[in-house]
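Structural overview for review
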Amino acid sequence: MSLTLRSVKKSYPDFEIDVSFTAEKGELLTLRGPSGCGKTTTLHIIAGFIYPDMGEIVIDGQRVNEQPPYMRRVGLVFQDYALFPNMNVFSNIAFGLRMQGWNKTDTEKRVKYLLNLIHLPGYGKRNVTELSGGEQQRVALARALAPGPRILLLDEPLSALDARLRKDLRSEVKRIQRELKLTTVYVTHDQEEAFALSDKIVVMREGHVEQIGNASDVYNKPETRFTADFVGMSNKINARLIRQNGETAELESSEGRFSVNFPGKLKTGLKVTILVRPEKCVLLKEKKGINAVTGMVRNCEYLGESTYLEISTKNGMFTAKLPGKVSCTAGETVSIGFSPEDCWILANDSFEL
Ligand code: ATP
């Protein structure tokens, strides 16, 4: 089932939400953004706990604004499991089925299927308080899946778990979501988790949608400085557009000439920001030609898999994450380069002189 939010608005005295996006059938869509940008509120609007002032919530082509939460057939999993502590695993998973009046045989069959799906077969009689955090969250997932939801909403489901368990469980969530082809909206603060899981990422800022795209789009082709900074570290070079040949933009700055693969149309003479991710950089033996910056080494740290290098250039500090071990000494002058397909232009940052 697809899910669409069409110009959905909700106003509070100090905050306003205005969001539009679509999760296609079977897609896992992640809401990302700083604390307080409206992710949980958006989930609650989809679930039906909050009624929007305007706009439409559409599930499988049908407007559901007027439907109460139980009619929307939306499954929910929260960070804190919210399991019933006085019930065993079976009763927790069967809870929604009992509410819907399922008979004993069908309920037992369904719970058995779900216990297998979450890789906890035979756990039915256990008390939920005896389970580990990861097991409890699997049970919470099974409980949400039991009545066969059309849409699954997950609000930071793994954030109470330790790092190792988070990784294991996120693969499990993905496996189950794929297996059931379940349209899912996922909220997480964890960048790696979002990138590993998402078919689509919705970057939110102060109640609105800043960018929608897959992980590679938002990381490598951010539309705004906010998205660029939110999803990772980057170097930014102020430059002026000299010309554009098809998808190749030629620019100049105090650092020299640059060439950037960029499909958007920009005006000649425009001042823009070139964006370069640190891991896209290489150390040059000597500076020659285009796409290079030169500066004095301020910091050089070997981190095992890579070397983190900071140099001060005419344009400010520039950082590179170079594979393996690179030997540099503070005070030494070095050049760092990158290829036209490994950088990007923040077109929204442009302005005419
Ligand atoms: P976090 O990542 O910290 O969980 P979030 O992105 O999920 O944050 P929300 O919890 O959706 O953000 O909150 C967004 C904003 O809406 C906040 O500024 C919050 O104060 C405001 N807000 C939410 N509910 C209400 C309410 N009932 N009345 C007034 N303001 C509210």
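Look up a bit, the structure's there.
What counts and what doesn't
Residues numbered from 1 in each chain as written. Predicted model: local features only at pLDDT ≥ 70, side-chain atom pairs only at ≥ 80, totals over all residues. Heavy atoms only, no water. Near = heavy atom within 4 Å. Polar contact = N/O pair within 3.5 Å; in protein donor to acceptor, adjacent residues only side chain to side chain. Areas by Shrake-Rupley, 256 points an atom, 1.4 Å probe, with all protein chains shown as cover. Helix = DSSP H or I, 4+ residues; strand = E, 2+ residues; numbered from the N terminus. Expected span 1.5 Å × (residues − 1). Contact = heavy atoms within 4.5 Å. Pairing = 2+ DSSP bridges. Buried < 20%, exposed > 50% of the residue type's maximum accessible area, 1.4 Å probe, protein only. Salt bridge = Lys/Arg side-chain N within 4 Å of Asp/Glu carboxyl O. Core = buried A, V, L, I, M, F, W, Y, C linked by side-chain atoms within 4.5 Å.

Thoughts on the site of the ligand
Lining the immediate environment of the ligand, one finds Y12, F15, P34, S35, G36, C37, G38, K39, T40, T41 and H189. Contact distances for the ligand include 2.5 Å between an oxygen atom and a side-chain N or O atom of T41. Out of a free accessible area of 640 Å², the ligand has 59% covered by protein chains. Sorting elements by how many residues they give to the shell around the ligand places helix α1 (residues 39-47) first, with 3 residues.

Quick notes on helix α4 (residues 104-117)
Since the α-helix packs 3.6 residues into each turn, any two residues three or four apart lie on the same face. Given a rise of 1.5 Å per residue, 14 residues ought to cover 20 Å, and the 20 Å separating the end C-alpha atoms of α4 matches this to within 8%. In this fold, the buried residues of α4 make contact with α3 (89-99), α5 (133-145) and α6 (163-180). Capping the start of α4 is the job of one residue whose side-chain oxygen sits 3.2 Å from the backbone nitrogen of T105: N103. Positioned one or two residues after α4, H119 has a phi angle of 60°, which is positive.

Structural notes on the pairing of strand β13 (residues 256-261)
Pairing geometry for strand β12 (residues 248-253) and β13, over 6 bridges, is antiparallel. Following the sheet pairing, A249 is matched in β13 by V260. Counting the residues in the hairpin turn of β12 and β13 gives 2 residues.

Things to note about the side chain of S306
Among the secondary structure elements, S306 is positioned in strand β17 (residues 306-313). Relative accessible area serves as the criterion here: at 8%, S306 is assigned to the buried category. Residue contacts for S306: discarding those within four places in its chain leaves E301, K321, L322, P323 and G324.

Focus: the pattern of salt bridges
As enumerated under the stated definition, the model contains 20 salt bridges in all. Residue R6 is joined to E56 by a salt bridge in which the shortest nitrogen-to-oxygen separation is 2.9 Å. One end of the pair, R6, is in strand β1 (residues 3-12); the other, E56, is in strand β4 (residues 54-59), and 50 residues separate them in sequence. In this structure R6 comes out as partly exposed when scored by relative accessible area, which is 44%. Exposure remark for E56: the relative accessible area of 24% places this residue in the partly exposed category.

Topic: the nonpolar core
Counting residues in hydrophobic clusters, the biggest one holds 33 residues, and the most contacted among them are I93, L115, L141 and L145. Secondary-structure elements contributing two or more residues to this core are α3, α4, α5, β7 (151-155) and α6. Counting residues per element, this core draws most heavily on α5, at 6 residues. Core analysis: the second largest hydrophobic core is formed by 32 residues, A228, A239, L270 and I345 among them.

So, to be careful, I would describe these as geometric facts and stop short of saying anything about function.
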